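Read off the chains here:
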Amino acid sequence: MALSRRALLLTGSAALLAGAGGLALWPGLTRTPPGPLRSLDARTWSVLASVAQAMCPGGDGLPSADELDIASALDLTISTLHAADQAELKQGLLLLDNALPGLLLDGRAQPFSRADVDVRAATLLGWRTSRIGVRRQVFKALRGLVMAAYWGHPRLYAAAGYPGPPDFGQAQAPPDDLLALAEVSL
Amino acid sequence: MITPGSELSADAELSCDVCIVGSGAGGSVLAAGLCQAGLDVVMLEEGPYATRRDFDLDEQKAIPMLYQDRGTRSTADLAITVLQGRSVGGSTTVNWTTCFRTPERILEHWRTVHRIEGLDAASLAPHFDEVERRLNIAPWPEELANPNNRKILEGARALGWEAGALRRNVKGCADSGYCGLGCPVNGKQAMHLTYIPDAIAAGLRLYSDVRAERVESAGGRATAVHAVVLDRQSGRPTERRLTVRPKVTVLAGGAINTPALLLRSGIEGQGRVGRRTFLHPVVGIGGLYEEPVLPFKGAPQSVGSHQFVDRGPDKVGFFFESAPLQPMLAALTASLIGKEMARFMGALPNLGVMIALLVDGLLPEDDGGVVSLRPDGRIRLDYPIRPFLTEAMGSAHIALARLTLAAGANEALSLHHKPRRMRDVMSMTQLAEAPYGAHEHAIFTAHQMGGCAMGPDPASSVVGTDHRLHGVDNLFVVDGSVLPTALGVNPSETIYGLAHRARGFVGEAV
Ligand SMILES: Cc1cc2nc3c(=O)[nH]c(=O)nc-3n(C[C@H](O)[C@H](O)[C@H](O)COP(=O)(O)OP(=O)(O)OC[C@H]3O[C@@H](n4cnc5c(N)ncnc54)[C@H](O)[C@@H]3O)c2cc1C
């Protein structure tokens, strides 16, 4: 996602610095990746998983983002983006994780990824219409990735009343014969 | 012959008469003509050579494979989602097949405002005749329109608005609805099934998964195209290099990418390269119908209305079509999350989305967007949504909501972050009061145009009316980036026609 690095730095550097200082003090991750990661690290993966779960909590017969391990699917997707896009996405995730105001009783900042799902959803909706451009961008980028991975997942087809891709036997079709397709020059 | 980059076992250097960068609408039509005229042509395409055997119609596989930036391309502020193709055939492999000749009104605007001579309906007609024959461009019978498209007809008739069948470049179309993911039955007459085979039969050497990084030039002449082989799976660059040393170089990478390639090559055209980039920005309104309309099924675009394409000299016009909605694309049109999103998606079979495409670049003050390079080399597209566009977006929303309700929808639903829901004309005031523009609602583009504008004067354009770069003798641009304004109709046929016309200019330069 083409999140402007400059915008992120301008708006986010203070929060990022604060966050970086706090990282060491944070308790363990709420979620841990089930397998080796390709683009994210354990922390950004867990923030992404907490975003996905807040956006797609499941229920009423729908699987949740956690059940489908959307964050790991996205780790793979993100690994194919330009390195600078990957870096910006990770920055965006850290920015979000450091965004919640207030401190826990023991004086530590409350990371987004450890907040209740309702708080997370409300925070995300706040970012959707935030007056801070970079927040809207982070929301849009993360929402796009998460929703594409979730609603494009075959487990969700039925919930969308979608029969799934039809099969025209194309996989078994012979390779296109370019010379047969060609028109001879007039 | 098509050679995937992965088959290059060592760095290679080629010479030829003409090197064409990009295998889409412009590049392919041109290549066929040049090869048939006996020229030795090398074509480079950064995307894969993908055919119906690869088109399994699964959005999660198709979109990263067939779209620019793996489907994540957007404006720098992320407000506009940019759909643009990236495979052999370019955007024609994934486009929705609607074909129009360039409107005379637009040609006249180019003549009077941009001083472009020689592009009038009569002189373009033989070129259009020829591409229409080769691509089997013909009206899609009204009675075959899917429910989603028929709604436009029904709504327009109820309101007394103009609407009619669209022409499509198909032969043996299975009416699947999956044009956007690659045609599974070779019905769409995309470039990889038409002009590319024509060119191959006449000797074209096409390299897929190979991206042109830079055009080298010296003394006012382009001397080489430096390219890198990409990994087909990930689309990421490998170590492998290909260098082409042609007599004539043609850039046909499409809007956004062609100006970016020029900028990477240090060719800025007096600061004009990348400027005047137009998008036909798209806004939409959903209609929730009593009966299923199955927006994922049937020819995606077969009816359109140009009722509001000309709203007078001081307003941005727009035209209406509809959009196919497979689940992933449907999910991207909304801004919802959680339960609200689940409800939206649960209604998909009964949801139709009509779209308005804004005709940018015609008002004197509308100079569109700008393509530039980031310090790390990535492409950046800035497209400010100025007040005249915001006004048009608002008017388009209201017109679309009227059309949707007139077509019998129970409810018209805006794609705002907080969707406005309209059941009758009274509730339309909500739309009059709603905000419009960046990050207020979904905005898409599937029609990227401009960035290397055509015109006679180097101070205000990048290429001449013969597609030759001002100041670089043997370098041409033959793709959608030469359009000086948006078109007010879907652009593919204009690009085919211009490329057909450009065959002579490029051939003569060899
Ligand atoms: C989803 C979708 C639906 C559409 N529907 C319609 C429609 O119904 N009707 C219509 O008229 N138009 C439609 N369009 C638009 C239309 O297809 C395009 O305007 C047209 O194909 C553009 O032609 P072009 O030659 O400028 O570029 P393209 O056809 O996009 O081709 C450019 C090619 O160049 C390649 N390339 C770019 N840079 C490089 C590089 N540096 N090195 C090597 N290769 C490079 C790209 O990968 C691409 O394959 C649609 C587009 C999309 C994406």
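Residues numbered from 1 in each chain as written. Chains lettered and ligands numbered in written order. Predicted model: local features only at pLDDT ≥ 70, side-chain atom pairs only at ≥ 80, totals over all residues. Heavy atoms only, no water.

Asks: I keep staring at the overall build of chain B and nothing clicks. Help me out?
Replies: The number of helices and strands found in chain B is 12 helices and 24 strands. What you see for chain B is a C-alpha radius of gyration of 22 Å, in line with the 24 Å of a compact globule of 510 residues. Counting only residues that meet the buried cut, chain B has 65% of its 510 residues in that class. Here chain B has roughly 16,200 Å² of accessible surface; of this, 51% comes from carbon and sulfur atoms. Mean positive and mean negative side-chain charge positions of chain B (50 and 55 charges, respectively) differ by 3 Å. (Helix = DSSP H or I, 4+ residues; strand = E, 2+ residues; numbered from the N terminus. Rg over C-alpha atoms; globule rule 2.2 N^0.38 Å. Buried < 20%, exposed > 50% of the residue type's maximum accessible area, 1.4 Å probe, protein only. Areas by Shrake-Rupley, 256 points an atom, 1.4 Å probe, with all protein chains shown as cover. Lys, Arg positive; Asp, Glu negative; His and termini not counted. Charge placed at Lys NZ, Arg CZ, Asp CG, Glu CD.)

Asks: Please explain the confidence of the model for chain A as it appears in this structure.
Replies: Detailed reading of the predicted coordinates is not advisable wherever pLDDT is low. Residues and elements named next belong to chain A. Per-residue confidence for chain A averages 85 on the pLDDT scale, and 79% of its residues sit at or above 70. Within chain A, no element has a lower average pLDDT than helix 1 (residues 5-23), which sits at 40, and none a higher one than helix 3 (residues 65-68), at 98. Contacts for the low-pLDDT stretch residues 1-26, under 50 throughout, to residues beyond four places or in other chains number 55 contacts. (pLDDT = per-residue confidence, 0-100. Contact = heavy atoms within 4.5 Å.)

Asks: I would appreciate a short explanation of empty space enclosed by the protein in the present structure.
Replies: It is the rolling of a water-molecule-sized probe over the atoms that shows where space remains empty. Residue and element names in this part refer to chain B. Tallying each qualifying case throughout the model produces five cavities of 30 Å³ or more. A per-class count over the lining of the largest cavity returns nine nonpolar, three polar and three charged. Volume-wise, the second largest cavity comes out at about 50 Å³. Together, Ala-334, Ser-335, Leu-336, Phe-344, Leu-413, Ser-414, Leu-415, His-416, Pro-419 and Arg-421 line the second largest cavity. Residue classes in the lining of the second largest cavity are distributed as six nonpolar, three polar and one charged. (1 Å grid on protein atoms, 1.4 Å probe; cavity = no way out; pocket = protein on both sides within 12 Å on 5 of 7 lines; lining within 4 Å. Points joined across faces, edges and corners; volume = space filled by probe spheres on them. Nonpolar A, V, L, I, M, F, W, Y, C, P; charged D, E, K, R; others polar.)

Asks: Which parts of the structure should I look at to understand the interface of chain B and chain A?
Replies: It is common to give the size of an interface as the accessible area that goes away when the parts come together. If you look at the interface, chain B gives 63 residues, while chain A gives 60 residues. For the interface between chain B and chain A, the tally reads five salt bridges. Counting residues per element, the side of chain B that touches chain A draws most heavily on helix 9 (residues 338-346) of chain B, at six residues. Of the residues in the side of chain B that touches chain A, the class split is 28 nonpolar, 17 polar and 18 charged. (Salt bridge = Lys/Arg side-chain N within 4 Å of Asp/Glu carboxyl O.)

Asks: Mind showing me how you'd approach the nonpolar core here?
Replies: Across soluble globular proteins, you tend to see nonpolar side chains buried next to one another. With 168 residues, the main nonpolar core has A:Trp151, B:Ile20 and B:Leu44 as its most contacted residues. Top element by residues in this core is helix 7 (residues 133-151) of chain A. It accounts for 12 residues. Ignoring sequence-local partners within four residues, the contact set of A:Trp151 consists of A:Leu62, A:Leu156, A:Ala159, A:Ala160, B:Pro327, B:Ala331, B:Met341, B:Ala342 and B:Met345. Core analysis: the second largest hydrophobic core is formed by 46 residues, B:Ala145, B:Val303, B:Ala396 and B:Ala434 among them. (Core = buried A, V, L, I, M, F, W, Y, C linked by side-chain atoms within 4.5 Å.)

Asks: Is there a simple way to think about the sheet that holds strand 5 (residues 98-99) of chain B in this case?
Replies: Strand pairing in a sheet takes place through backbone hydrogen bonds and is either antiparallel or parallel in direction. Residues and elements named next belong to chain B. Spatially, the three strands line up as an open sheet ordered 5-8-6, and their pairing is antiparallel. Taken across any chain shown, the strands that pair with only one partner, and hence form the sheet edges, are strand 5 and strand 6 (137-139). Examined bridge by bridge, strand 6 and strand 8 (residues 167-169) share three bridges and lie antiparallel to one another. Each bridged residue has a counterpart across the sheet, and for Ala-138 the counterpart in strand 8 is Arg-168. (Pairing = 2+ DSSP bridges.)

Asks: In this structure, what is going on with the pairing of strand 17 (residues 351-358) of chain B? I would like to understand it.
Replies: Side chains on a regular strand alternate between the two faces of the sheet. All names here are of chain B. By the criterion of burial, strand 17 is predominantly enclosed, with eight of the eight residues buried. Here strand 14 (residues 282-288) pairs with strand 17 via seven bridges, running antiparallel. Across the sheet, residue Gly-284 finds its bridge partner in strand 17, namely Ile-355. Strand direction decides the pairing type here: strand 16 (residues 318-323) and strand 17, joined by six bridges, are antiparallel.

Asks: Just to check I follow, could you spell out the site of the ligand for this structure?
Replies: Residue and element names in this part refer to chain B. Residues in contact with the ligand amount to 40 residues; listed here are only the nearest, Glu-45, Ser-91, Thr-98, Gly-480 and Ser-492. Between a nitrogen atom of the ligand and a side-chain N or O atom of Asn-257, the distance comes to 3.4 Å. Alone, the ligand offers 990 Å² of accessible surface; in the complex the protein occludes 98% of this. For the shell around the ligand, the secondary structure elements donating two or more residues are helix 1 (25-36), strand 10 (210-218) and helix 12 (492-509). A total of three residues in the shell around the ligand trace back to one element, the largest contributor, which is strand 10. Counted by class, the shell around the ligand contains 13 nonpolar, 22 polar and five charged residues. (Near = heavy atom within 4 Å. Polar contact = N/O pair within 3.5 Å; in protein donor to acceptor, adjacent residues only side chain to side chain.)

Asks: Before we go on, may I ask you to explain the pattern of salt bridges in this structure?
Replies: Any two side chains of opposite charge can pair if their charged atoms end up close together. Under the counting rule described, the total for this entry stands at 37 salt bridges over all chains. With its nearest N and O atoms 2.7 Å apart, the salt bridge here joins B:Glu493 to B:Arg167. Of this pair, B:Glu493 sits in helix 12 while B:Arg167 is found in strand 8, placing the two residues 326 residues apart along the sequence. By relative accessible area, which is 0% here, B:Glu493 ends up buried. Among the charged side chains, a network of salt bridges with common partners joins A:Glu183, B:Glu130, B:Arg133, B:Arg134 and B:Asp198.

Asks: How should I be thinking about the state of the cysteines in this particular structure?
Replies: Covalent bonding between the sulfur atoms of two cysteines is what defines a disulfide. All names here are of chain B. Under the counting rule described, the total for this entry stands at zero disulfides over all chains. No disulfide involves Cys-16; its nearest neighbouring cysteine sulfur is the one of Cys-19, lying 5.5 Å away. When its relative accessible area of 6% is taken as the criterion, Cys-16 is described as buried. The thiol of Cys-183 is unpaired, and the distance to the nearest cysteine sulfur, on Cys-179, comes to 6.6 Å. With a relative accessible area of 13%, Cys-183 lands in the buried category. (Disulfide = S-S within 2.5 Å.)

Asks: What's the story with the packing of aromatic side chains in this structure? I'm lost.
Replies: Aromatic rings considered in pairs are described by the distance between their centres and by the relative angle of their planes. The final tally for this structure, using the stated rule, is eight aromatic pairs over all chains. Ring geometry for A:Tyr150 and A:Trp151: centres 5.2 Å apart, planes at 85°, overall edge-to-face. The same class applies to A:Tyr150 and to A:Trp151, which are both buried. Ring centres 6.0 Å apart and planes at 65° place the aromatic pair B:Phe308 and B:Phe320 in the edge-to-face group. In this pair, B:Phe308 is assigned in the loop between strand 15 (303-304) and strand 16 and B:Phe320 in strand 16, connecting sequence segments 12 residues apart. (Phe/Tyr/Trp six-rings, centres within 6.5 Å; stacked < 30°, edge-to-face > 60°.)

Asks: What's the story with the packing of helix 2 (residues 42-55) of chain A against helix 4 (residues 70-79) of chain A in this structure? I'm lost.
Replies: To describe two helices that pack against each other, one gives the angle between their axes and the distance between the axes. Residue and element names in this part refer to chain A. Where helix 2 meets helix 4, the closest approach of the two axes is 9 Å, and the angle between their N-to-C directions is 120°. Judged by the angle between their axes, helix 2 and helix 4 are oblique. The way helix 2 lies across helix 4 gives a crossing that is right-handed. Only Ile-70, Ala-71, Ser-72, Leu-74 and Ile-78 of helix 4 make contact with helix 2, whose side of the interface consists of Trp-45, Leu-48, Ala-49 and Ala-52. For the contact of helix 2 with helix 4, the class distribution of residues is eight nonpolar, one polar and no charged. (Axes fitted to C-alpha atoms, helices over the stretch in contact; angles between N-to-C directions. Parallel < 35°, antiparallel > 145°, perpendicular 65-115°, else oblique. Left-handed = near helix turned anticlockwise from the far one by under 90°.)

Asks: Is there a simple way to think about helix 9 of chain B in this case?
Replies: Side chains that are three or four residues apart share a direction in an α-helix, a result of its 3.6 residues per turn. Every buried residue belonging to helix 9 of chain B is among B:Gly338, B:Met341, B:Phe344 and B:Met345, and all of these are buried. Take helix 9 of chain B and look down its axis: the buried residues cluster within an arc of 105°, on one side only. As for helix 9 of chain B, its buried residues are in contact with helix 2 and helix 7 of chain A together with helix 8 (327-333), strand 17 and strand 20 (411-414) of chain B. (Arc of directions from axis to C-beta.)

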